[in-house]
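# An overview of the molecular structure
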Number of protein chains: 4
Amino acid sequence: MNEADGLARRVADTLLQREGTGPAWGVTIDDAREGYALVRMHVRDDMLNGHRIAHGGMIFALADTAFAYACNSRNESAVAQSATISFLAAAQPGDTLIAEAREVSRVGRSGVYAVSIRAGDGRAIAEFTGLSRTIGGAIIN
Amino acid sequence: MNEADGLARRVADTLLQREGTGPAWGVTIDDAREGYALVRMHVRDDMLNGHRIAHGGMIFALADTAFAYACNSRNESAVAQSATISFLAAAQPGDTLIAEAREVSRVGRSGVYAVSIRAGDGRAIAEFTGLSRTIGGAIIN
Amino acid sequence: MNEADGLARRVADTLLQREGTGPAWGVTIDDAREGYALVRMHVRDDMLNGHRIAHGGMIFALADTAFAYACNSRNESAVAQSATISFLAAAQPGDTLIAEAREVSRVGRSGVYAVSIRAGDGRAIAEFTGLSRTIGGAIIN
Amino acid sequence: MNEADGLARRVADTLLQREGTGPAWGVTIDDAREGYALVRMHVRDDMLNGHRIAHGGMIFALADTAFAYACNSRNESAVAQSATISFLAAAQPGDTLIAEAREVSRVGRSGVYAVSIRAGDGRAIAEFTGLSRTIGGAIIN
């Protein structure tokens, strides 16, 4: 593992440890590299909407988590400015959701990240695009 | 209250009761009318991100909840196709978040809803726009 | 007309005069006030897509024009950061398109604007949401 | 060239020929394959906004053109449902803009396409994501 990817992994692990959400949702990190993150979460009953499928808010939340790890991966604090999600298929109770965030472009303080959300069996569930803004300051010393 | 608004309220109450998310997040419904919903949620520790402010995913999730109540308000099942959120300010632990969804346009099976998310003191936190698609079937008999 | 609205109108007129696009597209300004703009354009043959209806790019472009007039209306230069459009119905050759931009929220240097695009007969054509960033500098002296 | 890619190229050529916009804007097709399109356009004076840089509407319009060629590439008519663009850098008069559309996911009648817009020298200008819906019917016989 090169140095940049090692730093990215430490940043992601630190963010997950500091945040309330990841542990509450059972998020785990499969991979975190410079400008990249792969995370997963199981769809629990408390994540279902009134149609008894995964709530769009939870699908977005997992994607947003991967986006955060990817856009903070250089240990420079960045925040989400805006994000868009398109929902393609329902995720069922018990499904594993896997979100993979990749850096698409970075110009000055702005970054664009694409996050694909799939079920454990590979079905496409949703596609997310996030715009980040680097605000400065480090995540870890 | 007219009949359409009464139906909308019953649909929203039913969705909240059926879903896993609203109760888990402590969502309450202030108002639900035809094409409209006003909901609130308190920012808890398990809703914070690694910067210790409300996770964007939870802000989106509350907005998406209000959107769902508004776009299902005529008791015809509708699902989210896509949604966009712009983040304007941080919400702190202990803040109350209030999401107000209004119907902007409805053409055929498509609907556009705008959701404003504010803190209890009126500060603008985020703006959300959702595109719904009516898929048929009733929420309540 | 109050002073702020008068300034907004002069800014919009100035932008339209300076830009290459508005005159090329036949854009006219019905109204421009603080945080608000109403513009129109006729759908010409050179604005049609391969299905012979108004090209989505031209519908977006008109909405983006109204957004620009609205977010620059205080005579502080602002630029678009991101924008989302949902298409609801086709616009035909000969239709007039009317875009109405309203300010939804403004926090610090960020602003969110909603733009409704309708045909001359009132049919909803598309809904647009734009996020602006104020970069400073005046449009007119 | 395989059959699917040959069909995609004929569809793109046909769409460009039928539409009013592409010829009016000087769009040319570098490449068109199944689920993919690469197009270009020179930034002319009539494409500039009031700040004398390429109008966001024209940048979107070029991306939307590439998106249309990619999502119609199987010769099944598809339309845009929604699209989002993030602007990263200004394009100047005389710049060439190149839009590259790639299919990200396709589920049932829905498709998600990512379009990167770059200047001729490789500078990232904007990132676009489009959601399409297949409506049936062929583009060419």
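First, a word on scope: everything that follows refers to the structure included in this document. (Residues numbered from 1 in each chain as written. Chains lettered and ligands numbered in written order. Predicted model: local features only at pLDDT ≥ 70, side-chain atom pairs only at ≥ 80, totals over all residues.)

Once turned by 180 degrees and shifted 0.0 Å along the axis, chain A lies on chain D with an RMSD of 0.0 Å. Taken together, the rotation angle and the small translation identify this as a two-fold axis. Looking at the interface residues of chain A, 100% of them are also at the interface in chain D, so both copies use one shared face. (Least-squares fit on C-alpha atoms with pLDDT ≥ 70 in both. Contact = placed C-beta atoms within 7 Å.)

Our next topic: the interface of chain A and chain D. Residue-level contacts link 15 residues of chain A with 15 residues of chain D. For the side of chain A that touches chain D, the secondary-structure elements that each account for two or more residues are β3 (78–87), β4 (96–107), β5 (110–119) and β6 (124–134) of chain A. Among the residues making up the side of chain A that touches chain D, the classes are represented as 8 nonpolar, 6 polar and 1 charged. (Helix = DSSP H or I, 4+ residues; strand = E, 2+ residues; numbered from the N terminus. Nonpolar A, V, L, I, M, F, W, Y, C, P; charged D, E, K, R; others polar.)

We now examine the sheet that holds strand β1 (residues 28–33) of chain B. Across the sheet, 12 strands lie side by side as β1(A)-β2(A)-β4(A)-β5(A)-β6(A)-β3(A)-β3(B)-β6(B)-β5(B)-β4(B)-β2(B)-β1(B); this open sheet has antiparallel pairing. Each of the sheet's edge strands pairs with one partner strand only, and the pair in question is β1 (28–33) of chain A together with β1 of chain B. Pairs of neighbouring strands in the sheet enclose a mean axial angle of 20 degrees, with direction left out of account. Bridge count for strand β4 (residues 96–107) of chain B against strand β5 (residues 110–119) of chain B is 10 bridges, and the pairing is antiparallel. The partner of Ala101 of chain B across the bridge, within β5 of chain B, is Val115 of chain B. In this fold helix α1 (residues 3–18) of chain B packs onto β1 and β2 (36–42) of chain B, with an angle of close to 145 degrees to the strand it touches most, β1 of chain B. (Pairing = 2+ DSSP bridges. Axes fitted to C-alpha atoms, helices over the stretch in contact; angles between N-to-C directions.)

Further remarks concern helix α3 (residues 56–71) of chain C. If you check α3 of chain C, its first and last C-alpha atoms are 22 Å apart, about what 16 residues at 1.5 Å a residue would give, namely 22 Å. Extensive coverage of α3 of chain C is indicated by the burial of 16 of its 16 residues. (Expected span 1.5 Å × (residues − 1). Buried ≥ 20, exposed ≤ 12 C-beta atoms within 10 Å, placed from the backbone.)

As summarised here, the arrangement of the 12 strands in space is β1(C)-β2(C)-β4(C)-β5(C)-β6(C)-β3(C)-β3(D)-β6(D)-β5(D)-β4(D)-β2(D)-β1(D), forming an open sheet in which the pairing is antiparallel. Edge positions in the open sheet fall to β1 (28–33) of chain C together with β1 (28–33) of chain D, since each of these has one partner strand only. Ignoring strand direction, the axes of neighbouring strands in this sheet form an average angle of 20 degrees. As judged from the 5 bridges shared by β1 of chain D and strand β2 (residues 36–42) of chain D, these two strands associate in the antiparallel manner. Of the residues in β2 of chain D, the one forming a bridge with Asp31 of chain D is Leu38 of chain D. Most of the contacts of helix α1 (residues 3–18) of chain C go to β1 of chain C, to which it runs at about 145 degrees, and overall it touches β1 and β2 (36–42) of chain C. Sheet strands in contact with helix α3 (residues 56–71) of chain D are β3 (78–87) of chain C together with β1, β2, β3 (78–87), β4 (96–107), β5 (110–119) and β6 (124–134) of chain D, and its direction is about 45 degrees off that of β4 of chain D.

Right, let's get into the environment of Gly22 of chain B. All names here are of chain B. Inspection of the secondary structure assignment puts Gly22 in helix α2 (residues 21–25). A residue is classified by how many C-beta atoms lie within 10 Å of it, and Gly22, with 26 of them, is buried. Once the C-alpha coordinates of Gly22 and Ala54 are considered, the two residues, 32 residues apart in sequence, prove to be 17 Å apart. Those residues within four positions of Gly22 in sequence are excluded, and the remaining contacts are Leu16, Val27 and Thr65.

Each partner contributes to the interface: chain C provides 29 residues, whereas chain D provides 29 residues. Where the side of chain C that touches chain D is concerned, the elements lending two or more residues are α1, α2 (21–25), α3 and β3 of chain C. Tallied by class, residues from the side of chain C that touches chain D come to 12 nonpolar, 12 polar and 5 charged. Looking at chain direction, β3 of chain C and β3 of chain D are connected through 5 bridges and run antiparallel. Opposite Thr84 of chain C, over in β3 of chain D, you have Thr84 of chain D as the bridge partner.

Honestly, that's just the spatial picture; any functional story needs more than this.
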